[in-house]
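Here is how the chains run, residue by residue.
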Amino acid sequence: MNWDDADDPWVSSDEDAEGSSDYGSTSDSGSSDSNSGDDRVAGPSELHNRASHSHGTTAQSRDADAEEARVEAAIEGDFDRLIQNIREAGDGTSSGMLSKMWDMNLEEREAEFKDDLRAASGVGRSKKKRGRRRGPVLSQQVRALIGEGNQAYVDANIPETIRIMQEVIRIEPRAAPAWSVLAQCYDDMGERGKALQLRIMAAHLNHDADEWGELAEQSRAQGYNQQALYCYGKMYHLDPTNVNALWDRASLAKEIGDLKTARSTMLAMLKRLPHHLPVLDELRPILIELSDLALCAELFQGAFDHYHSVYPSGRGVDPETGEEVPGGGFGLMHLLVLADLYNTLGEYGKAVNTIRKGCRWLQGRAAQKFWDACEDDREWDVPESNVQRGGEGEMQPGMYPLDVNARHRLAIARIKGGDIEEGKMHAKIVLAQDAAEYAPLFSEIADAYFEREMYAEAGHIYEMLGGDAGTSSMYVLLQAASCRRMIGDLKEAAEVYEHVIQADPGHNEAKMKLAEIYEILNEPRKALDLVMQVIESRKRRAAHREGTAEGGPGETASASLFEEGKVRGAKAKGTPAKANPNRLTIVQLRELETQKEREAVQSWHRVQELWPQMLANEEAATREWLVEAEKLVESFRETRALFLTSRHRGFRGMFPRSARKQTTEASEDNMASRLQLELGRDTLARKGAKSENVNTFRTISFENWLRLFMHYAFLLTRRGQYDLGNEVLRHLLYSNAYQSRSSQDSIRLALITCAIHADQFQTVVEQARKLINGHQFNNEPIRVLISSLGSGLRATDAFLVSTLSKHLLRETRLADAAVRDPDSLRYNTAQRRYGLVGSSGKGDPDDVPDDDDEVEAPAITELERAKLPTKPNPLNVAVYGQILLAAKSYQSALFYLLQAYDHAPDDPLVCLCLAIASIGRAMQRQSDNRHHLITQAMAFLTHYRNLRGDTGQGVDEVEYNFGRVFQQLGLHSLAVRHYQKVLDAAEVRTQSNEEDYGLAREAAYNLSLIYVSTGAAPLAQALYRRWLSL
């Protein structure tokens, strides 16, 4: 064989590559795809139908040529690196040059692949076919050697052919015919792996996309998956329109577990085929496995928006099947996937919007956007739900059908998002289905209730599932037992745990939970027996692992360019974690703490010196006090030991006696020791075993720290920095040093004080509700609330907020139930409050507590159960009636205020409120007994005067209120008489005390309105000059 004969095949192949696989090409490559073989993974159906062939301008052609040249140069750069590795690995001779395995860095190759994907912006540009690439000019010596090698191959002298061609490669590695002939020699010798390697080397010089595709298939057939991924990447680089190469690459990467490669490849496909559903369906489990839920939700949301805009009627032709289908292919399953993603990410509002908008669209009602104005889901109500909505002037329920799976997603989103009543309505419909068929939906609803700490509802569902062998599981039974325990049914919880242990004697988690319950039930012997069983089981497992530990299998030689069997980015198991060089040692930490303690003591002394001057409002001292106090406050807040997740343990110092991590084994051993001590009645040992909490931090007592924090927050609020002061106090609530009830109450009262000064009355209501929850059946927190909302429009708005009224109504009902039927209440150990038995199931929607009504469970060791009231409490109903009165709901206000009057008939405030409510109701158009109501109001006012009119201040108040009532009724002559009495009394008082106006100014203003309305302007001006002028 002469030189020309040997060179022709490779040159023609190179010419084909130049004409059909330009990087920026959009030419139809369907012919090349059809020859790729029937065994490749099927890709999207219209991969090549979406690429359009266009003729560009001369400038675009130059860009395409430049892009093609860049890609080919990059591939040849890989070839140069391979050659360099071969030379470094070999012994320098031609025979030993290829004796060792080539190794390429897969991480670098994948990074280059991503860079090429980002740079592949030339799709859609036309390309011109260039002339054949001949490669480097070969010397006469190399040409002669190639001719000799070809002749030796023709003569069937394989060893001589190999020797000559290796010599050619040593002299000129870019001689493509040498690689091809050498590969054929090894193929004839039966060494398929080495022949494939050599063909891959030759492919770097030929730049033929079809050739790379064939090499990828051969590598895959021989089990060289990493090598196949590399070949698929090169194929796509040379022919960016061939999306099938990306599909095959992604499928292979997913098959071998290289999820990161599969992810990047499929994302590249989505750039070529935006919103392509088969690609999205393949990409979804990959992103979920990689915990990239946000990106998955973004992609599905983009597809939803796209199909919603393209098919507004809710039906369209599926590009895969050509049939008309709901959503044009984006159907209910895709909506459920998107809703699940949003629920998992905690974006419950988006999940609700997805189901509502999506299902409406699939039903052909996309134009009915008015349903979005409804905050609830009345659009999907069913007659069986017995939910009363749509009063006069409101939108009526739609009663549209909704798939049970979609309703399940709505229920989950509503429950986890805090809209409990709406979620319960959907959950009730779902739970009415067959439990055996919809067991996963039942379990997820129970999990949502459990996450919201609604243990009664969750426990009911878990027990329903656990009662059927087809739906029961260990998880369900354990969750049912946890719910029983959280609602205080310890014996029932113990029975469930015993059932689990009987079914699975090796279930150590159930044994430890049961041991904890036995300890609470004062059965330490049973608890100790279970703990010892767990410890023995742990020891047996450890011994078994040591006895069966064997070394990994030895690695076998591979004929791949890459290290096969190693997934990119995977970390070998058992690899010890490297020590952090930046982490301080215990000695260094102690030295640092000593230094910070000295600084804190110095700052504290200076703060104490400046405190009196700061309280005297000396500006210079106040500024310096703030600087020093800020240092102390920030040093406290940045100390992690003061803000542990286990807040109930209190502060045990910067370096507790036991510094080891509380692992599962340690907790088991500690529990066993504790139970043994309890069984032995070793009181002294038990006292010694308990860790004493530390009452100081950096030599400053926690009482002084709290005093410092509160003064610091007060001063910040007074200087216009309320937000910072509020943040500091709220952060302090989470400190494990201040988890006692008295400390929590003090901090909340400080928060209320700052909020009053800054007119942030929503915060006042929030913190007052926390106090009411913490002190159940106690009137003092309610008095704190009322006194904090003294007067003003903002305070009134906060007083009328619906969450406060619902909260007070719940407290009122609980107090009433405690008096009438104490057996109807049960103490909830989780919330540390009494609650109605069975109220968490059916009942009034107002009985459902809000998010911030939950009682925090810090380590309040001194908190005892609230004593149940023995007689009716007028305060609750009176305050609730006042809220209704302020909201102008006079009819309802009369109902509750009359109840308060029954309990406290001699309370002047209740009588005054009843008079106001009666007058207000009489002035409304709906009233049908005005004269009776006015007479009733005057009767209550008269009783109010008898109770209140004994003192001078009381006389002023009574006369003013009578005048105000008569003015409201339009009886101006009577109103003037009472207002004048207020002014006469004020004239007498101001002679002895000029500042004692009483209610004179209010009376003067109201009286001036009467004078102006009756035309007595001079009298009104006289009032202005005397009482309403500065």
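Per chain, the residues get numbers from 1 upward, laid out in the order the sequence is written. Local features are withheld for residues below a pLDDT of 70 in this predicted model, meaning they are given only at 70 or higher, and side-chain atom pairs are given and counted only at 80 or more; totals for whole chains, interfaces and linings count all residues. The side-chain figures draw on all heavy atoms in the structure; neither hydrogens nor water molecules are used.

Caption draft 1: Examining the overall build of the protein more closely. Numbered from the N terminus, helices here are DSSP runs of H or I no shorter than four residues, and strands are runs of E no shorter than two. When helices and strands are tallied, the protein shows 43 helices and six strands. Per-residue and other accessible areas follow the Shrake-Rupley method at a 1.4 Å probe size, with only the shown protein chains counted as cover for residues. If you sum the accessible surface of the protein, you get close to 52200 Å²; carbon and sulfur atoms cover 50% of it.

Caption draft 2: Structural detail: the nonpolar core. Working definition of a nonpolar core: buried Ala, Val, Leu, Ile, Met, Phe, Trp, Tyr and Cys residues. They are joined through side-chain atoms within 4.5 Å. Here's how the labels work: a residue is buried when its accessible area is under 20% of the maximum for its type, exposed when over 50%, partly exposed in between, all with a 1.4 Å probe on protein chains only. Counting 103 residues, the largest nonpolar core has W625, F636, W705, L708, Y738 and L789 as the members making the most contacts within it. For this core, the element with the most residues is helix α29 (residues 702-718), which contributes 10 residues. Core analysis: the next-biggest nonpolar cluster, separate from the first, contains 67 residues, A209, Y224, V243 and W361 among them.

Caption draft 3: Molecular detail of the packing of aromatic side chains. The aromatic pairing rule takes the rings of Phe, Tyr and Trp, using the six-membered ring of Trp, and pairs them if the centres are within 6.5 Å, calling planes under 30 degrees apart stacked, those over 60 edge-to-face and the rest tilted. Under the counting rule described, the total for this entry stands at 25 aromatic pairs. Relative to W705, the ring of F697 lies with its centre 5.6 Å away and its plane at 40 degrees, an arrangement referred to as tilted. Across this residue pair, the class does not change: F697 and W705 are buried. Members of the aromatic cluster, each reached through a chain of ring pairs, are F636, F643, F697, F702, W705, F709 and Y738.

Caption draft 4: Quick look at the environment of D239. With respect to the helices and strands, D239 occurs in the loop between α10 (225-238) and α11 (243-255). Since its relative accessible area comes to 3%, D239 is described here as buried. Residues D239 and D208 lie 31 residues apart in sequence; the distance between their C-alpha atoms is 9.0 Å.

Caption draft 5: Just the environment of Q226, in detail. Checked against the element boundaries, Q226 lands in helix α10. On the basis of relative accessibility, which here comes to 2%, the residue Q226 falls in the buried class. Separated by 30 residues in sequence, Q226 and I256 place their C-alpha atoms 9.0 Å apart.

Caption draft 6: Structural detail: the pattern of salt bridges. For salt bridges, the criterion is a side-chain nitrogen of Lys or Arg within 4 Å of an Asp or Glu carboxyl oxygen. Throughout the structure, instances matching the rule amount to 37 salt bridges. Close ionic contact of E619 with R623 constitutes a salt bridge, the shortest N to O distance being 3.4 Å. Highlighted residues: E619 and R623, both in helix α26 (residues 619-637), separated by four residues, approximately one helical turn. Among the residues examined, E619 registers a relative accessible area of 41% and is labelled partly exposed. On the basis of relative accessibility, which here comes to 45%, the residue R623 falls in the partly exposed class. For the salt bridge of R989 with D956, the shortest nitrogen-to-oxygen distance reads 2.6 Å. Here R989, found in helix α41 (residues 972-992), pairs with D956, found in helix α40 (residues 952-969); they are 33 residues apart in sequence, far enough to count as distant. Bridged by salt links that share partners, the residues R356, D377, R414 and D419 form one connected network.

Caption draft 7: Quick look at the environment of P397. Checked against the element boundaries, P397 lands in the loop between α16 (348-362) and α17 (404-416). Sequence separation of P397 and D381 is 16 residues, and the distance between their C-alpha atoms is 6.2 Å. The residues touching P397, leaving out its near neighbours within four places in the chain, are W371, R378, D381 and R389. Pairs of residues are marked as contacts when any of their non-hydrogen atoms sit within 4.5 Å.

Caption draft 8: Spatial organisation of α10. Any helix carries an expected span of 1.5 Å times its number of residues minus one. Taking 1.5 Å per residue as the helical rise, α10 with its 14 residues ought to reach 20 Å, and the 20 Å between its terminal C-alpha atoms agrees with that figure. Extensive coverage of α10 is indicated by the burial of 13 of its 14 residues.

Caption draft 9: Helix α22 (residues 490-503), seen in detail. Taking 1.5 Å per residue, 14 residues should reach 20 Å; α22 reaches 20 Å between its end C-alpha atoms and fits that length. Those residues of α22 that fall on the buried side of the exposure criterion are L490, A493, A494, Y497, V500 and I501. All buried residues of α22 fall inside an arc of 120 degrees around its axis, so they share one side. Along α22, the residues that are exposed and aim more than 90 degrees away from the buried face are K491, E495, Q502 and A503. What the arc measures is the spread of directions leading from the helix axis to the C-beta atoms.

Caption draft 10: Representation of a nonpolar patch on the surface within the structure. Every patch collects residues that have over 30% relative accessible area and no salt bridge, joining them within 9 Å if they carry like charges and within 5 Å if they are nonpolar side chains (Val, Leu, Ile, Met, Phe, Trp, Tyr). There is a patch of nonpolar side chains on the surface, built from Y1005, L1009, V1012, Y1024 and L1028 and spanning about 430 Å² of accessible area. Looking at the nonpolar patch, the element that brings in the most residues is helix α42 (residues 1000-1014), giving three residues. Looking at the element boundaries, Y1024 is found in helix α43 (residues 1017-1027).

Caption draft 11: Quick look at the packing of helix α14 (residues 293-310) against α16. To get an axis, fit a line to the C-alpha atoms, keeping to the stretch in contact for a helix; angles then go from 0 to 180 degrees between the N-to-C directions. Packing of α14 against α16 leaves a shortest axis separation of 12 Å and a crossing angle of 30 degrees. The angle between the axes of α14 and α16 places the two elements in the roughly parallel class. Two packed elements cross with a definite hand, and for α14 against α16 that hand is left-handed. Where α14 approaches α16, its residues Q301, F304, Y307 and H308 are matched on the opposing element by T354, K357, G358 and W361. These descriptions rest on fixed angle ranges, namely under 35 degrees for roughly parallel, over 145 for roughly antiparallel, 65 to 115 for roughly perpendicular, and the rest for oblique. Crossing handedness: left-handed means the near helix sits turned counterclockwise from the far one by under a right angle, and right-handed means the same turn made clockwise.

Caption draft 12: The arrangement of the confidence of the model for the protein in detail. Confidence in the prediction for the protein averages 77 pLDDT; 74% of positions are at 70 or higher. pLDDT under 50 marks residues 551-556. Its contacts with residues more than four places away, or in other chains, come to zero contacts. Long-range and interchain partners of residues 854-863, a stretch whose pLDDT sits below 50, account for 25 contacts in this model, where long-range means more than four residues apart. Per residue, pLDDT measures the predictor's confidence, with a range of 0 to 100.

Caption draft 13: Inspection of the packing of helix α18 (residues 420-431) against helix α19 (residues 439-451) at higher detail. It is at 10 Å that the axes of α18 and α19 come closest, and there the two elements cross at 150 degrees. The orientation of α18 relative to α19 falls into the category roughly antiparallel. Read as a crossing pair, α18 and α19 show a hand that is left-handed. Contacts from K424, A427, V430 and L431 of α18 reach α19 at L441, F442, I445 and Y449. When the residues that make up the contact of α18 with α19 are grouped by side-chain class, the tally is seven nonpolar, no polar and one charged. The nonpolar class holds Ala, Val, Leu, Ile, Met, Phe, Trp, Tyr, Cys and Pro. Asp, Glu, Lys and Arg form the charged class, and all remaining residues, Gly among them, are polar.

Caption draft 14: Looking closely at the pairing of strand β5 (residues 825-828). Residues L825 and Y827 line the buried face of β5, whereas the alternating positions R826 and N828 sit on a face that is not buried. Strand direction decides the pairing type here: β5 and strand β6 (residues 833-836), joined by four bridges, are antiparallel. Within β6, the residue paired with R826 across the bridge is G835. Should DSSP find at least two bridges between two strands, the strands are taken to pair.

Caption draft 15: Quick peek at the side chain of S1008. Structurally, the position occupied by S1008 is in helix α42. Judged by its relative accessible area of 1%, S1008 falls in the buried class. Setting aside anything within four residues of it in sequence, one finds S1008 in contact with A1020, L1023 and Y1024.

Caption draft 16: Structural detail: unusual backbone geometry. Even without being glycine, N617 reaches a positive phi, approximately 65 degrees. Assignment of secondary structure puts N617 in the loop between α25 (586-615) and α26. Taking the relative accessible area as the measure of exposure, N617 reaches 51% and is therefore exposed. Look at F777: it is not a glycine, yet its phi comes out positive at around 60 degrees. Look at F777 and you get partly exposed, because its relative accessible area is 23%.

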